[in-house]
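One letter stands for each residue in the lines below.
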Amino acid sequence: MATLNSTLKSPADVQIGGHGPDNLPPHYWGGGDGDHGGDDEAPRFYERLRRYRMGVAVGLASVVMIFVALTSAYVVRQGLGSWDDRTATYANDWKPLPLPETLLLINTVLLLASSATLEFARRNIHQQGVTAALGHIPGVATDRESSVPWLGISIILGVAFLIGQIAAWNELQHAGYFVSGNPSTSFFYVLTGVHGAHLLGGLLTLFYAALMPLLGKSLDSRRIAVDATGWYWHFMAALWLYVYALLHFVK
Amino acid sequence: MVCPKCGTSNPDVNTFCEKCGAVVSKPVPVAVAHDAAGTHEHGQAHAAHAPHHAPSGFIRKYVFSLDHKVIGIQYFFLALTAVFVGLFLSVLMRIHLVWPDAKIPGWGPIMPEQYLTLVTMHGTIMVFFVLTTAPQSGFGNYFLPIQIGAEDMAFPVLNMLSFWTTFVSFLVMLAAFFVEGGAPLGGWTFYAPLSAIPQAGPGQGLGADMWIISIAIFCVASLMGALNFITTTLDLRCKGMSMWRLPLTVWTWFITAILGLLAFGVLLAGGILLLMDRQLGTSFFVPGGLVVSGVQIKHNGGSPLLWQHLFWFFGHPEVYIAILPGMGVASQLLSTFSRKPIFGYRAMVYAIMAIGFLGFMVWGHHMFMSGMNPYSAFAFSLMTMAIGVPSAIKTFNWLGTLYRGRLRFTTPMLYAIGFVSLFVSGGLSGPFLAQPTLDIYLHDTFFVVAHFHLIMGVAAIFGIFAGTYYWFPKMFGRMMSETLGRIHFWITFVGAYAIFMPMHYIGMAGRPRRYSDIRLFEYLHSTMTVERFISIAAFIVAGAQFVFLVNFFWSLWKGEKAPDNPWDCTTLEWTTSTPPPFDNFAGKTPVVYHGPYEYSVPGAPADFVMQTDPSEVHSEGHGHD
Amino acid sequence: MGLALLVVLSLITLVSSYFFAAKTWWMPAVASTYGPAIDAQFAYTYVAMGVVFIAAQIGLGWFAWRYRDRAQKVDYSHGNLRLEATWTVLTAILFVGLNLMGQKIWAEARFQGAAPGALQVEITGMQFQWYFRYPGPDGKYAKTDPTQADASAGGEAALGLDTTDPAAKDDIVVNTLYLPVNREVDVTLRAQDVIHDFYVPALRFKQDAVPGLMIHMHFTPTQVGDYEVACAELCGLGHYRMRAMLKVVSQQDFDQWMAAKEKDKSAQ
């Protein structure tokens, strides 16, 4: 038999079934547990950071699906027999593409390097953020921005990668492999092109992150921008390794 | 309480008169709990660290608004425009089918290729710009944040961008009508090679390119929206709002967003490949040796079936995207207007998840006749029958909610009941089509057209209507006319059955889809009577939609002022003012103590307990309330 | 309003069910060996779904009327697990059972090819005409060359038949499909431009004709008569007029017809 206790108790006494998002460590949940000690900004910052990281993770799921679709199209097309009237058989017209290996290897190194430098940038800016809170204590030095411009280097390496990809395209075209030539070529252009487009998006965000100090954006906002884009960038690097492996090994 | 309008005596607890529907009493006082310290709970991110300020200026407030409520209304009006465009196209189709040689004033006779363009654009506009937009991006945007106690979506700027991207997509789609060659004629399914070879038909040139570009833009917009919905649901719930206390509307918006997130990328990939086949000479979907209109086609080695696989891998989840939010609305409304908790809340949630998950495994049932491996047909067929099970569970649970309830037949409730009836009717033709043996006969006949129209073209639309009548007071501060609502409901409900039930019969007679003229086939002559009946019914139903339009716009200005909680409903949107303030809760973030459907709780002072009411509810068999 | 719902739902249910039961507009009389089994599967499915349809709609209407607001006490309940489990299992058994029942027909029609000795016919769909090719006494189809295809010339030329191929001497290309009754036919479906679909309602036969694929299907007509063939996959503006005739005749008449065609051909 269900009963309702109609005496209003103080909210603190009432059994509450849940505390908002499940399974997260208490310090991530901003203020909800009555924890108002310390900096009111800090819990909000971690909330925002978590939110943007979650957004990137969710968004990357859709990027994965684009490449799942392209991969399945790749595998299917590679094995496809299409009826050829002339020979009266099912013919497969896939000719493995000789990849511009040197360029692609150089590009891979550039991208992995940019991922590494961006990771330095990301950690560095977090370090700044954490120690900035202590800045009001007399005699305590806070971290200055690192003397090495990791963010700028990452951007340059990222741009270099994209230029390298275009160079790879050029090399193929000079060798006579155009997008419409053979399905293996078409897929090369599609896979590298779609990856490159997504990387370009990340690059533009990095540009923005680098410009944020000039636009007067807070350190917290810059931390979030560099962090979220950093994870996105690492994923793009891993995605490139996957695309390269697919093109190289699944011929 | 005596009704001031008709004098009937009503129970105290009623807000509306049982006889005539007029407002009879002040709303029951709503208990809203604030957190212990009474401080402003900030759960949201905003562009700057400053507290959430209301926007000023016309452009900021109404055009490029970051407010999810404004964006929701913008999506809603986009869908409203699109539905009347789609409706107009279908009326032209019905005229042509019954009077094939008729001259449309200002146009002339409808040529076969123009008929096919009507078919293509009707389907495309309805599926994408109405059914994927209104229930999810429209109502979801407006009410998801409020129902979970949040101030806004997780990423308001991204939200604003999603709307305007959708808007651009719609403009590009409409533009396809006006370019050289006109709009495409390949059906909303756009099968290759018909869609891959510009010479294959009128409209398959620039018009087809515009279609693909429009859909690609739509994919991007949808993905942005999905990202927002998922992050918001996971991260912005207020205190006490555990996942198991979410209203079923929120569950459906959440799962629908996941479906969209995983499906639209595949359509985007397919669209890119198709555009490349058309413009760059690649051969993903076009095999060799084709001769089209005397022209030797230079492509070689591609597979038309590959397009079908990519399209339907998206296309099947897409139709669940179209129906799930309507199911959420139906659940909410049936519970509210039966004054009874939803029957089997957890089962309903698991059913939504099962439908979502299985929805990704059944795409091959659109391809039984395609030349695909017959063994895979068997596998897809089993999965398809499996997905009927959670749908059946939901139907049983809706009936269980009504059972021993106390039903109030407001217009939203009528539409919710109509939804269940139409979902049953449309759903039961599913097991026919799911069997490849029967699909041999039924594929590409009007039996299929009957099936998907009853489910999408009526049940899902009823979900939108139900949501509109239900939430209009909260969104616009006024009540819609019950009288006009009832007229609209009855004509549309009976009329929709009159249109789509007979399509099963002509489908059984073997009437193929997408025929602009059936007179050439003797075996179809006997179906002409049915076609006429369908067309007349269609004209009447189309006309009845103007009753809705009049009701909607008249009520915007002249409707009775709405109280904060006109329906005596428990979920969070009814705790706040009507319409809600810019930050939804006037700075007071709610705290939730109950599940969403605590109606007629024994011992409670009113027949509903708001989610924010701190009173304890002990009910048997529950550890989680 | 509850009563109105009950009445309207009942009327809709009864009227709809009537036209299904009365088969006022229905499949044409069946004329193939698979047909009766398919029709039987239809019947089982209709009965099962029909019972559910009537029960659900009238149940809905009944509840709407029975539980209309008369200030009654509401049964506060969040559900019933046993009931949930029961109807879930029953539904699963019904749906999966129906499906498995029909699989045998599918397997027979599609998992295996035609028996040896079946009559060979090639069916080609193109915008907007069906072409039927018999390989003739040598039992071999001549090669076709799409670069030679000329649709305006019709017949062999439309298919781009390679006349230098010796097998072409006895290939017969027509626009009306003649088949002998009670003999299994092994059709090869192809398409020259876009996807078409060969649909013969009376034979309960349908299959997409896909460019780039040679799809083998088999069936056996069982009744002499003329049957209309419709295209059942959107193929362009002439989709609605891609009509052909299937004429099922006695074996004797068929042989005579073939002989006459071969004679005309060799005379050319």
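As the structure is a computational prediction, the values presented were derived from the model and not from experiment.

Would you take a moment to explain the overall build of chain B for this structure?
In terms of regular secondary structure, chain B is built from 16 helices and five strands. Its C-alpha radius of gyration of 25 Å places chain B within 12% of the 25 Å reference for a compact globule of 625 residues. With the C-alpha coordinates aligned to their principal axes, the bounding extent of chain B is approximately 80 × 55 × 50 Å. Each of the 625 residues in chain B was classed as buried or not, and the buried ones make up 66%.

Is there a simple way to think about the overall build of chain C in this case?
Regarding its fold elements, chain C presents five helices and ten strands. Against the globule reference of 18 Å for 268 residues, chain C gives a C-alpha radius of gyration of 26 Å, more extended than a compact globule. C-alpha extents for chain C along the principal axes are approximately 90 × 35 × 30 Å. Classification of the 268 residues of chain C by burial places 41% in the buried group.

Is there a simple way to think about the packing of helix H8 (residues 304–338) of chain B against helix H9 (residues 345–358) of chain B in this case?
The description of two packed helices rests on the angle between their axes and on the distance between the axes. Residues and elements named next belong to chain B. With their axes 11 Å apart at the nearest point, H8 and H9 run at an angle of 175° to one another. Here H8 lies roughly antiparallel to H9, going by the angle between them. Touching Tyr320, Leu324 and Ser331 of H8 are Met348, Ile352, Ile355 and Gly356, all from H9. For the contact of H8 with H9, the per-class residue count stands at five nonpolar, two polar and no charged.

Hey, could you run me through the confidence of the model for chain C in this one?
One rule of thumb: low pLDDT means the predicted coordinates there are not for detailed reading. Of all residues in chain C, 100% have pLDDT values of 70 or greater, and the mean over the chain is 95. Note on the complex model: pTM 0.91, ipTM 0.97.

Can you help me understand the sheet that holds strand S1 (residues 119–126) of chain C in this one?
The strands making up a sheet associate through backbone hydrogen bonding, with each pair oriented either parallel or antiparallel. All names here are of chain C. An order of S3-S2-S1-S5-S8 is seen for the five strands of this open sheet, with the pairing classed as mixed. Across the chains shown, the open sheet's two edge strands, defined by having one partner strand only, are strand S3 (172–174) and strand S8 (215–219). If you compare each strand with its neighbour and ignore which way they point, the axes differ by 25° on average. Across three bridges, the pairing between strand S2 (residues 129–134) and S3 is antiparallel. Each residue of the ladder has a partner; that of Arg133, found in S3, is Val173.

Teacher, can you tell me more about the nonpolar core here?
Across soluble globular proteins, you tend to see nonpolar side chains buried next to one another. Ala330(B), Phe419(B), Ala459(B) and Ala466(B) are the most contacted members of the largest nonpolar core, which has 319 residues in total. The leading source of residues in this core is helix H7 (residues 248–279) of chain B, at 21 residues. Counting only domains with at least three residues in this core, you end up with domain 1 (2–68 + 79–110) and domain 2 (119–267) of chain C.

Please clarify how the interface of chain C and chain B should be interpreted in this entry.
A common way to express how large an interface is: the accessible area buried when the components associate. Contacts between the two partners involve 84 residues from chain C and, on the opposite side, 96 residues from chain B. Among the elements of the structure, helix H1 (2–22), helix H2 (35–66), helix H3 (81–110), strand S6 (196–200), strand S7 (205–209) and strand S9 (225–231) of chain C are those that each provide at least two residues to the side of chain C that touches chain B. Of all the elements, H3(C) adds the most residues to the side of chain C that touches chain B, at 14 residues.

Just to check I follow, could you spell out the domain arrangement of chain C for this structure?
Residues and elements named next belong to chain C. We note that the domain assignment places domain 1 (2–68 + 79–110) and domain 2 (119–267) within chain C. Here domain 1 and domain 2 have C-alpha centroids that lie 38 Å from each other. With ten residues of domain 1 in contact, the opposing surface of domain 2 contributes twelve residues. Class assignment of the residues belonging to the side of domain 1 that touches domain 2 gives a composition of seven nonpolar, three polar and no charged.

What am I meant to see in H1(C) here?
An α-helical segment advances 3.6 residues per turn. Residues three or four places apart therefore align on the same side. All names here are of chain C. In a regular helix each residue adds 1.5 Å, so 21 residues correspond to 30 Å; H1 covers 30 Å between its end C-alpha atoms and thus fits that length. Looking at H1, one finds that the buried residues are Leu5, Leu6, Leu9, Thr13 and Ser16. All buried residues of H1 project into a common sector of 120° when viewed along the axis, lining one side. Facing away from the buried side of H1 by over 90 degrees, the exposed positions are Leu3, Val7, Leu14, Val15, Tyr18 and Ala22.

What is the right way to look at the packing of helix H11 (residues 411–428) of chain B against helix H15 (residues 482–508) of chain B in this model?
Residues and elements named next belong to chain B. Contact geometry for H11 and H15: axes closest at 9 Å, N-to-C directions at 10°. Comparing the axis directions of H11 and H15 gives the class roughly parallel. Where H11 approaches H15, its residues Thr411, Leu414, Tyr415, Gly418 and Leu422 are matched on the opposing element by Glu482, Gly485, Arg486, Phe489, Phe493 and Ala496. When grouped by side-chain class, the residues that make up the contact of H11 with H15 number six nonpolar, three polar and two charged.

Can you help me understand unusual backbone geometry in this one?
In terms of backbone geometry, most residues other than glycine have negative phi values and most peptide bonds are trans. The omega torsion across Ala192(B) and Pro193(B) is -5°, close enough to zero to call that bond cis. Tracing the backbone shows Pro193(B) in the loop between helix H5 (156–175) and helix H6 (206–235). Residue Phe128(C) is bonded to the preceding Gln127(C) through a cis peptide linkage, with omega at -5°. Inspection of the secondary structure puts Phe128(C) in the loop between S1 and S2. Within the chain, Phe190(B) stands out as a residue other than glycine whose phi angle is a positive 50°. Looking at where Phe190(B) falls in the secondary structure, it is placed in the loop between H5 and H6. Residue Phe190(B) is classed as buried on the basis of its 24 C-beta neighbours within 10 Å. The phi torsion at Arg404(B) lies on the positive side, around 55°, for a residue other than glycine. Looking at the element boundaries, Arg404(B) is found in the loop between helix H10 (374–402) and H11.

I tried to follow the sheet that holds strand S4 (residues 176–180) of chain C on my own but got confused; where do I start?
Residue and element names in this part refer to chain C. Taken in spatial order, the five strands line up as S4-S10-S9-S6-S7 in an open sheet, and their pairing is mixed. Only two strands of the sheet have a single neighbouring strand rather than two, namely S4 and S7. Shown here is a sheet whose adjacent strand axes are inclined to one another by a mean of 20°, direction ignored. Taken strand by strand, helix H5 (residues 251–267) contacts S4 and strand S10 (244–249), and its axis lies near 135° from that of S4.

Honestly, the confidence of the model for chain B in this entry has me stumped. Any pointers?
Residue and element names in this part refer to chain B. For chain B, mean pLDDT is 92; residues scoring 70 or higher make up 93% of the total. Overall, residues 27–51 carries pLDDT values under 50, and its contacts beyond four positions in sequence, including any with other chains, amount to 50 contacts. Below pLDDT 50 for its whole length, residues 620–625 participates in nine contacts with residues either more than four positions away or in separate chains.

What exactly am I supposed to notice about the environment of Gln256(C) here?
Residues and elements named next belong to chain C. Inspection of the secondary structure assignment puts Gln256 in helix H5. Residue class for Gln256 comes out exposed when judged on the 12 C-beta atoms lying within 10 Å of it. In the structure, Gln256 is positioned 180 residues away from Tyr76 in sequence and 79 Å away in space, judged by C-alpha atoms.

About the cut-offs
- Residues numbered from 1 in each chain as written.
- Chains lettered and ligands numbered in written order.
- Predicted model: local features only at pLDDT ≥ 70, side-chain atom pairs only at ≥ 80, totals over all residues.
- Helix = DSSP H or I, 4+ residues; strand = E, 2+ residues; numbered from the N terminus.
- Rg over C-alpha atoms; globule rule 2.2 N^0.38 Å.
- Buried ≥ 20, exposed ≤ 12 C-beta atoms within 10 Å, placed from the backbone.
- Axes fitted to C-alpha atoms, helices over the stretch in contact; angles between N-to-C directions.
- Parallel < 35°, antiparallel > 145°, perpendicular 65-115°, else oblique.
- Contact = placed C-beta atoms within 7 Å.
- Nonpolar A, V, L, I, M, F, W, Y, C, P; charged D, E, K, R; others polar.
- pLDDT = per-residue confidence, 0-100.
- Pairing = 2+ DSSP bridges.
- Core = buried A, V, L, I, M, F, W, Y, C linked by C-beta atoms within 7 Å.
- Domains from an automatic or database assignment.
- Expected span 1.5 Å × (residues − 1).
- Arc of directions from axis to C-beta.

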